[in-house]
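Residue-level structural notes
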Amino acid sequence: MVPCSLLALLLLVAPTPAEDAAYDLRLAELELGGATLPAHGEALSWEVRPRIGPRWPYAAVDGGEAYVVHSAPAPGGAGLRLGDAHLVLRAPAGRDVHGTLFVPNADWSGMEPRPFTIPAARASAAAADELRRARAVHYASLASSSLPGAAWFRHRADETRAALPAGTSVPTHPWRAVSRETELEDTFALFSGGRAVSENLQLDRLLPAGAEDGESVALDEIEGIDVKEIDWAPLLGGTTTALDPLASLVPADQHALFFPSFGALVRLADEAAQAGAPALAVLSDSARDARTRERYERQLCLSLDAWARRLGELAVTSVAITGSDPYLRTGTDVAILFEARQPELLYAFVRARQDAARQAAPEAANIAGTVGAQAYEGVLSPSRRLSSFVAIVGGAVVVTNSEHQLARLAATASGAEPSLAARDEYRYFRTRYERDDPEETALLVLPDAAIRRWCGPRWRIATSRRTRAAAALAELQAAHVADLAAGIEARRSLETRPGFPVLGNLHLTPEGVLSEKYGTLDFQTPIAELELERASKAEADLYARWRDGYQRNWSNFFDPIAVRFTVADGEVGADLTVLPLILGTEYQDFVALGGDAALAPGSGDPHPEAVFHFALALDPDSEPVREAGSMLSVLEDFGAHPLAWMGGTLAVYFDRDPIWADLAASGNWEEVAENVQVDPNSLPVVLHVAVASPVKLAAFLTTLRTAIESTAPGLLAWDMLEHGTRKYVRITAKDVAEDMALYYATLPGALLVSLHEPTLQRAIDRLGGADEAARAAEGTEAAPLAAEPWLGKNVAVRIERDGLLLLQAVLDEEWSEEARLASWANLPILNEWKRLFPGRDPVAVHEELWGERLLCPAGGAYVWNETWHTMESTVCGHPGAPGSDVDLPAVLREVARLRGGLTFENGGLRAAARLHRNR
């Protein structure tokens, strides 16, 4: 008996049934029961209009299918009015067609339904051909839109295109533009140091596709990265420090994440589970969860349940996680090392977990063997859904998903391979991040040898091949959607497809399509395990071009990386070191501005009343400052060198004031400008510039005033005011109704500029400019602030709770729109599964087929809306009827304080961030 799901698929794929009729009409021709199409007032350019995709017109008809398309490609992106688009559909023959057309409303804020009727007599044989083309356009457009379900859309597009006459045009109109980085993502990456890591590793720069056959070259003959290593001796300076005990078991060319205790592992894992997903949802337009942690916990037969936590606290003294490469999402060889008080007890616990997992998976089997002299036991399934090896190596209990990884650890333990503990960069990082520091939760180290290997010919070529294999597996998976959804009882062989010879022997399993060479989409064969000794000449040439371009980024040395993580009650922190930065880094402007200057603890006037404080080290002799001074060269005619007076710091701060709460409550900056009518002189903002030479500052200000008066005489009024023993200046415009003023004060060490007089006066008090005699007579003293060190020596920022509320108000509007778009991006594929498998939950179907869970970033659930004939989010709605504004995730609203900083040293970067929460 053919499963119902397969019948549904066959009906969808099949040509127009004989008992159905096809129709092709311009939207302007539809009978809308007296209604009209929304008037947009201009021609629509489907190709270039931003964000039109989610609100592309669509139609629903009973017992058929319908598409809204162009009648022909619009040359050069020419405009097309809504009424000129075509509705092409299939419906039961012999009776009038009734359906609903959904079109974007006039202001593009949503969509409007328009019921329509088509007389049966409008059916035509020519429309059947246009229907096939429209179907191809529909799926090709979705396939080109970077949406979840792309493999399925691509499969359907190729399938429908193949049924069209040769030469048939199939234009695409993407559902949305290709994913882009938002300003929020870009800022976060820059100030967290993430941009430096991305610049240095460049793991997203894949090799172009190159033929794998033809003339071949031995990989050993392909020149790899030859950038020199850093000479660490001067940086180490003969110092010694405590090393991680497990570092002696980690191969020197692998990354490692060290935890000083099992409790530290638990804290970081819990923090990632609780806050990681919401934070990534804010900083990414993806609304998918690849379930990476769940997959590896299942594969390794390890999980942080109550029993594991209790035993770990009692039996484990430290933990390390290592592997050959960082491709956790697609599949890598990973190992967890436990320094245990009683290794045999922990070993038995892991074996019990492996046995329990095997009993729940009939296709899995117990395994035992040796690699070299190292014995191991474990459990393994054909698809490697379960792949867990356990052994005692060098006194540590090792659990890994790879026999190859186990062999490398054993060789390192025996001294046959060098260990990370012997690497100078690791020792350097351990002098910077001392192991006995109570704040440390974990230390991640990416050594030179690991990054150099990832950038070598074997890894880059293998990564390129594996990426193409994944695309082939996805195509085969899409071709067997009906079988997989119906359930596969036992593995069966598939014919090797002519288009995918690289996959080798193929099987259809309950977990999906399995390639004996490349694995499954759920877990691809790790690169370290791929048999790859030779590359094609084309691949070698492509790698050589990639290598030359990559190496041009380095002037002298290569770049190891380390990150320390801190998780404590109410605080989360990270401290990143990248050494050195690449040439042309996006941090170059900050490096140039800072020069030899550095922020001291009291630089920029740190004080508790500031809700937002930004400080920047500024070298007056730096090229950017000199260039800025050249723009004021006209002042030199009046006898002053423009910026010679500047000191080493520039800072901007916002002081605490009720106005920030008012702005935050509005939540919309345009609304603030239009309705709140904020008086600029009520904004408690100060610009603080350090002064190296008061005499030169006085000359600069005098010259500036003279220049202004000579070019616009009588335009401004300059009033000298007093606060205590200090004088300051108020500048106002003469004969202007608006009561707006600019204030500045010159102190021995700083120039202060503000629009808010009370804030300027408080700054004068803090910096010692108030009337000390009067204060003494009152019996009060100005208690100086114990300056808390900035987290960075070149760039630093502090944001307190009131400032964070204001920042949240700024982010909410952008986040709300991005969250809706990300949530709606899941709807096209969910609608597919709803039509194909009407009795099942589309979200569950997608997870079963593709191993990823589709999520609404705003926390909503996906449900079917019968009125609009679409899936929707219970929070974000759907493009036709958007939900209300979406708040930032609660975990981010708990942030009470945020500190961050950048330090540029030894040609590299140190970036630190601390987040404090009130839960």
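Residues numbered from 1 in each chain as written. Predicted model: local features only at pLDDT ≥ 70, side-chain atom pairs only at ≥ 80, totals over all residues. Heavy atoms only, no water.

Some thoughts on the pattern of salt bridges
Across all of its chains, the model carries 51 salt bridges by this definition. Among the ionic pairs, D575 bridges to R910, the shortest N-O distance being 2.9 Å. Here R910 lies in strand β37 (residues 908-917) and D575 lies in strand β22 (residues 571-578), a separation of 335 residues in the sequence. Judged by its relative accessible area of 26%, R910 is partly exposed. (Salt bridge = Lys/Arg side-chain N within 4 Å of Asp/Glu carboxyl O. Helix = DSSP H or I, 4+ residues; strand = E, 2+ residues; numbered from the N terminus. Buried < 20%, exposed > 50% of the residue type's maximum accessible area, 1.4 Å probe, protein only.)

Looking at the pairing of strand β12 (residues 365-371)
Here β12 runs beside strand β13 (residues 374-380); their pairing, made up of seven bridges, is antiparallel. What sits directly across from I367, in β13, is G378. Hairpin geometry of β12 and β13 is characterised by an intervening segment of two residues between the two adjacent antiparallel strands and by a positive phi of about 65° at G372. (Pairing = 2+ DSSP bridges.)

With respect to helix α11 (residues 403-414)
With 12 residues, α11 extends 17 Å between its outermost C-alpha atoms, agreeing within 8% with the 16 Å of an ideal straight helix rising 1.5 Å per residue. Listing the buried residues of α11 in full gives Q405, L406, R408, L409, A410, A411 and T412. Structurally, α11 contributes buried residues whose contacts are with β10 (316-323), β11 (334-340), β12, β13, β14 (387-393) and β15 (396-400). You can read the cap of α11 off the contacts: a side-chain oxygen lies 3.2 Å from the backbone nitrogen of H404, and it is on S402. Note on α11: the residue one or two positions beyond its end, G415, has a positive phi of about 90°. (Expected span 1.5 Å × (residues − 1). Contact = heavy atoms within 4.5 Å. Polar contact = N/O pair within 3.5 Å; in protein donor to acceptor, adjacent residues only side chain to side chain.)

Overview of the environment of F612
Checked against the element boundaries, F612 lands in strand β23 (residues 610-617). With a relative accessible area of 25%, F612 lands in the partly exposed category. Sequence separation of F612 and L807 is 195 residues, and the distance between their C-alpha atoms is 9.6 Å. Aside from chain neighbours lying at most four places away, what touches F612 is V652, Y653, F654, V797, R798 and I799.

Remarks on the side chain of D655
When you line up the elements, D655 lands in strand β24 (residues 646-655). On the basis of relative accessibility, which here comes to 0%, the residue D655 falls in the buried class. Setting aside chain neighbours within four positions, we find D655 in contact with H607, E609, A610, V611, W660, P684, T759, R762 and R766.

A closer look at the pairing of strand β6 (residues 111-118)
Relative to β6, strand β5 (residues 97-104) runs antiparallel, the two sharing eight bridges. Across the sheet, residue V97 finds its bridge partner in β6, namely I118. The hairpin turn running from β5 into β6, its antiparallel successor, is six residues long, and W108 in that turn takes a positive phi close to 65°.

Comments concerning the packing of helix α3 (residues 150-162) against helix α14 (residues 457-479)
At a minimum axis distance of 9 Å, the contact between α3 and α14 shows a crossing angle of 70°. By the angle between their axes, α3 is roughly perpendicular relative to α14. Here A151, W152, R154 and H155 of α3 lie close against α14, whose contacting residues are A471, A474, E475, A478 and A479. (Axes fitted to C-alpha atoms, helices over the stretch in contact; angles between N-to-C directions. Parallel < 35°, antiparallel > 145°, perpendicular 65-115°, else oblique.)

Topic: the confidence of the model for the protein
Averaged over all residues, the pLDDT of the protein is 82; the fraction at 70 or higher stands at 81%. The lowest-confidence element of the protein is helix α1 (residues 4-13), averaging 35 in pLDDT; the highest-confidence one is β15, averaging 98. Low pLDDT, under 50, characterises residues 73-78; the predicted model gives this stretch eight contacts beyond four residues in sequence or across chains. Predicted confidence for residues 770-785 stays below pLDDT 50, and this span has 13 contacts to residues more than four positions away or in other chains. (pLDDT = per-residue confidence, 0-100.)

Some points on the packing of aromatic side chains
Using the criterion set out here, one finds 15 aromatic pairs in the structure. For the pair W152 and W833, a centre-to-centre distance of 5.5 Å together with 50° between the ring planes defines the contact as tilted. Residue W152 is found in helix α3, and its partner W833 is found in helix α25 (residues 827-836); the two are separated by 681 residues along the sequence. Judged by its relative accessible area of 1%, W152 is buried. Exposure remark for W833: the relative accessible area of 0% places this residue in the buried category. (Phe/Tyr/Trp six-rings, centres within 6.5 Å; stacked < 30°, edge-to-face > 60°.)

Comments concerning the sheet that holds β6
Taking strand neighbours across the sheet as the criterion, the three strands line up as β2-β5-β6 in an open arrangement whose pairing is antiparallel. Taken across any chain shown, the strands that pair with only one partner, and hence form the sheet edges, are β2 (58-61) and β6. This sheet shows a mean twist of 25° between the axes of neighbouring strands, independent of strand direction.

Details of unusual backbone geometry
Of all residues except glycine, most have a negative phi; of all peptide bonds, most are trans. Look at C301: it is not a glycine, yet its phi comes out positive at around 60°. Position of C301 relative to the elements: it lies in the loop between α8 (292-300) and α9 (306-315). One non-glycine residue, H869, adopts positive backbone phi at about 55°. Checked against the element boundaries, H869 lands in the loop between β32 (862-865) and β33 (870-873).

Notes on a negative patch on the surface
A cluster of acidic side chains, namely D220, E221, E531 and E533, defines a negative patch on the protein surface. One can find E221 in the loop between β7 (216-218) and α6 (233-236). (Patch = residues over 30% accessible without salt bridge, like charges linked within 9 Å, V, L, I, M, F, W, Y side chains within 5 Å. Areas by Shrake-Rupley, 256 points an atom, 1.4 Å probe, with all protein chains shown as cover. Lys, Arg positive; Asp, Glu negative; His and termini not counted. Charge placed at Lys NZ, Arg CZ, Asp CG, Glu CD.)

Some thoughts on helix α22 (residues 757-766)
Burial in α22 covers these residues: T759, L760, A763 and I764. Viewed along the axis of α22, the buried residues span an arc of 145°, placing them on a single side of the element. Following α22 by one or two positions, G768 adopts a phi angle in the positive range, close to 85°. (Arc of directions from axis to C-beta.)

Re the environment of L345
Looking at where L345 falls in the secondary structure, it is placed in helix α10 (residues 343-359). A relative accessible area of 41% places L345 in the partly exposed class. Along the chain, L345 and L311 lie 34 residues apart, while their C-alpha atoms are 9.5 Å from each other.

Details of the packing of α9 against α10
Running from amino to carboxyl end, α9 crosses α10 at an angle of 170°, the nearest separation of the two axes being 11 Å. Comparing the axis directions of α9 and α10 gives the class roughly antiparallel. Here α9 runs over α10; the crossing is left-handed. Together, W307, A308 and L311 of α9 and L345, L346, F349 and R353 of α10 make up the contact between the two elements. Looking at side-chain class alone, the contact of α9 with α10 contains six nonpolar, no polar and one charged residues. (Left-handed = near helix turned anticlockwise from the far one by under 90°. Nonpolar A, V, L, I, M, F, W, Y, C, P; charged D, E, K, R; others polar.)

Considerations on the side chain of S603
Positionally, S603 belongs in the loop between α17 (588-594) and β23. The class of S603 is buried, set by a relative accessible area of 13%. A polar atom in the side chain of S603 sits 2.8 Å from the backbone nitrogen of A600. Beyond its immediate stretch of four places on either side in the chain, S603 contacts T649 and W790.

So, the sheet that holds strand β18 (residues 506-509)
Paired through backbone hydrogen bonds, the strands of a sheet run either parallel or antiparallel to each other. Pairing is antiparallel across the open sheet formed by three strands, whose spatial order is β17-β18-β19. Each having just a single partner strand, β17 (492-494) and β19 (512-515) make up the two edges of the open sheet. On average, each strand axis in the sheet is inclined to that of its neighbour by 35°, with strand direction left out of account. Both β17 and β18 contribute to a ladder of three bridges, which runs antiparallel. Paired with S493 across the strands is H507, a residue of β18. Running over the sheet, α14 touches β18 and β19 and is turned about 140° from β19.

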